[in-house]
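Geometric and topological summary
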Amino acid sequence: WGMNTKKFKEILEQSTHIDSVADYEIRRYTNSGGYVIIDTLGDFVILDEYNVADVCSVIFEDLIDQGKITQN
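Since this is a predicted model, take the numbers as computed values, not measurements.

Conventions adopted
Residues numbered from 1 in each chain as written. Predicted model: local features only at pLDDT ≥ 70, side-chain atom pairs only at ≥ 80, totals over all residues. Heavy atoms only, no water. Helix = DSSP H or I, 4+ residues; strand = E, 2+ residues; numbered from the N terminus. Buried < 20%, exposed > 50% of the residue type's maximum accessible area, 1.4 Å probe, protein only. Polar contact = N/O pair within 3.5 Å; in protein donor to acceptor, adjacent residues only side chain to side chain. Pairing = 2+ DSSP bridges. Axes fitted to C-alpha atoms, helices over the stretch in contact; angles between N-to-C directions.

So, on to the side chain of Asp39. The topology assignment puts Asp39 in strand E3 (residues 35-39). On the basis of relative accessible area, Asp39 is assigned to the buried category, the value being 15%. For Asp39, the side chain forms a polar contact with the main-chain nitrogen of Leu41, separated by 3.0 Å.

Next comes the structure, spelled out in structure tokens:
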């Protein structure tokens, strides 16, 4: 991971590492249940716990519509 973690000290202190996928680290906030996805450039997106399922569903459905994945 090439990210400058000092820059994101607050995010890192308030979240727990869940997993890494390619250039993305997925972390869960310890107090809110929301998630933060950080790329190696240091860009990030925060998903609150109430919208995670809906955001993932929209992305999944778009991948199906584009034929990039198939659903059984």
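We are not done yet, so read on.
Moving on: the sheet that holds strand E4 (residues 44-47). Read across the sheet, 4 strands follow the order E1-E2-E3-E4 without closing on themselves; strand pairing throughout is antiparallel. With one partner strand each, in any of the chains shown, strand E1 (15-21) and E4 form the two edges of the open sheet. The mean angle between the axes of side-by-side strands here comes to 20 degrees, regardless of whether they run parallel or antiparallel. Pairing between E3 and E4: 4 bridges, direction antiparallel.

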